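# An overview of the molecular structure
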Amino acid sequence: MLDKSLTQQLTAIDGVELDPAATFADLTTLRVGGKPQAALRCSQPDAAVSVVRALDRAAVKFIVVGGGSNLLVADGAVDLVAVILDFDEVSMDTETGMVRAQAGAVWDDVVARSVQLGLGGIECLSGIPGTVGAVPVQNVGAYGAEISEVLTRVRLYNRRTDTDEWVPASDLELAYRYSNLKFTGRAVVLEVELQLDTEGLSRPLRFGQLTQNPGERRPVAEVREEVLKLRRGKGMVLDPTDHDTWSAGSFFTNPVVPSAVADAIESQVGEAAMPRFAAGDGKEKLSAAWLIERAGCHRGFPGEDAPARLSTKHTLALTNRGGARAADIVDLAHRVQAQVREAFGVELHPEPVWVGL
């Protein structure tokens, strides 16, 4: 419990400010969630370290919040302190391609600036909501690219060892939408370092909607515009006036299944063009959106009266239509999972972190 004495101790830290009005509905892109015990805004990395250290020593539960684009938080009073990372300095060296960005920087602003400077490597990750701190935790990826391809180092506050240190990306065990930071809470991301290309060209393109010649490289600005166009068409670029973007982006990860299961599903559905991609060890990655649609969950599911629905633009996004609560998002997620499980025997796993649910 955050008592008066601890609150005074925390707010006395240089660079820390108490935000008494903040709710998780304010702090997340799904715009649902109740009120934390307290919301502490940290304007510099050292302030965040001091806050996390003090909360750990007092055994007070907390959650670190950046852009809130990957959080689904319970309604009502939430027995957590929200530690909000508001530090956002970014540096880019156009000669070496080295980029450093603090955890509170808006991710798409970093991408936009890199493209403007002719640096290549993260253009396919354009339009992804949220802040830099979440990028290595999720091993963020889209359109055939992942941050692991350019991430060199991460500055972490290691809660177990009480150290503020730079660690190589290889220490994070990065895999599909995974790092050993995810769900463990063992460390807080303070800053990242990326090695980008200085030629003004994209990384080799692999995604079919971006190229008919896999492996080709195109001007980064051109690729960014194409990616943003694709994302807008799916409601995946934040717009306060468009409820199709009141979401956590892709809500389910693409399932990886044995090839025999993929064969059975393709035979069952009878579509030769079922999306399936080799995932190694006799397994294949399937499209969660494709499975959701074939299981009978259409765009806008379950209907116009529901406060939480699948996006009208893309079935992989669960959206708040303006009046949803966290419980409504959870109910919709369970309905989608149940229909896919019943239709194909495949379990869909949510990508957002569920808090208090």
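Below, the structure is looked at part by part. Keep in mind it's a predicted model, so treat the numbers as computed, not measured. (Residues numbered from 1 in each chain as written. Predicted model: local features only at pLDDT ≥ 70, side-chain atom pairs only at ≥ 80, totals over all residues. Heavy atoms only, no water.)

### Examining the pattern of salt bridges
A side chain with one charge may pair with a side chain of the opposite charge, provided their charged atoms come close. In this structure the tally under the stated criterion is 29 salt bridges. One salt bridge connects Asp 197 with Arg 217, and the closest N-O pair in it is separated by 3.5 Å. Placement of Asp 197 in the loop between strand 12 (187-195) and helix 6 (220-233) and of Arg 217 in the loop between strand 12 and helix 6 is noted, with a sequence separation of 20 residues between them. A salt bridge links Glu 347 to Arg 341; the nearest nitrogen and oxygen atoms lie 2.7 Å apart. One continuous salt-bridge network, built from bridges that share partners, spans Asp 46, Arg 155, Asp 164 and Glu 191. (Salt bridge = Lys/Arg side-chain N within 4 Å of Asp/Glu carboxyl O. Helix = DSSP H or I, 4+ residues; strand = E, 2+ residues; numbered from the N terminus.)

### Regarding the packing of helix 1 (residues 4-11) against helix 3 (residues 45-57)
Relative orientation of the contacting elements helix 1 and helix 3 amounts to 160°, with a least axis distance of 10 Å. The pairing of helix 1 with helix 3 is recorded here as roughly antiparallel in orientation. Considering only the axes of helix 1 and helix 3, their crossing is right-handed. Taking contact as the criterion, the partners of Leu 6, Gln 9 and Leu 10 in helix 1 are, on helix 3, Val 51, Ala 54 and Leu 55. Residue composition of the contact of helix 1 with helix 3, grouped by class: 5 nonpolar, 1 polar and no charged. (Axes fitted to C-alpha atoms, helices over the stretch in contact; angles between N-to-C directions. Parallel < 35°, antiparallel > 145°, perpendicular 65-115°, else oblique. Left-handed = near helix turned anticlockwise from the far one by under 90°. Contact = heavy atoms within 4.5 Å. Nonpolar A, V, L, I, M, F, W, Y, C, P; charged D, E, K, R; others polar.)

### Things to note about the nonpolar core
Within the largest apolar cluster, 40 residues are counted, with the highest numbers of intra-cluster contacts made by Trp 107, Val 110, Ile 122, Ile 147 and Leu 194. Those elements that provide at least two residues to this core are strand 7 (98-102), helix 4 (107-116), helix 5 (134-138), strand 10 (151-158), strand 12 and helix 6. Beyond its immediate chain neighbours, meaning those up to four positions away, Ile 147 contacts Trp 107, Ile 122, Leu 125, Val 135, Asn 139, Val 140 and Leu 194. Counting residues in hydrophobic clusters, the runner-up holds 34 residues, among them Val 257, Leu 286, Ala 289 and Phe 301. (Core = buried A, V, L, I, M, F, W, Y, C linked by side-chain atoms within 4.5 Å. Buried < 20%, exposed > 50% of the residue type's maximum accessible area, 1.4 Å probe, protein only.)

### A short note on the sheet that holds strand 5 (residues 77-85)
Taken in spatial order, the 4 strands of this open sheet run 1-2-5-3, and their pairing is mixed. The sheet is open, and its two edges are formed by strand 1 (16-18) and strand 3 (62-65), each paired on a single side. Direction aside, neighbouring strands of the sheet carry axes that sit 25° apart on average. Across 3 bridges, strand 1 lies against strand 2 (residues 35-42) in antiparallel orientation. (Pairing = 2+ DSSP bridges.)

### Examining helix 3
When the terminal C-alpha atoms of helix 3 are compared, their 18 Å separation across 13 residues agrees well with the 18 Å that a helix rising 1.5 Å per residue should span. Inspection of helix 3 places Pro 45, Ala 47, Ala 48, Val 49, Val 51, Val 52, Ala 54 and Leu 55 among the buried residues, and these make up the whole buried set. (Expected span 1.5 Å × (residues − 1).)

### Quick notes on the sheet that holds strand 11 (residues 163-168)
Each strand in a sheet pairs with its neighbour through backbone hydrogen bonds, running either in the same direction (parallel) or in the opposite one (antiparallel). What the 5 strands build is an open sheet, ordered 6-7-12-10-11; its pairing is antiparallel. For this open sheet the edge positions go to strand 6 (90-92) and strand 11, each flanked by a neighbour on one side alone. Neighbour-to-neighbour, the strand axes of the sheet open up by a mean angle of 15°, direction not taken into account. Note that strand 6 and strand 7 share 3 bridges and pair antiparallel. Of the residues in strand 7, the one forming a bridge with Ser 91 is Arg 100. Packing of helix 3 onto the sheet brings it into contact with strand 7, strand 10, strand 11 and strand 12, and relative to strand 10 it is tilted by some 45°.

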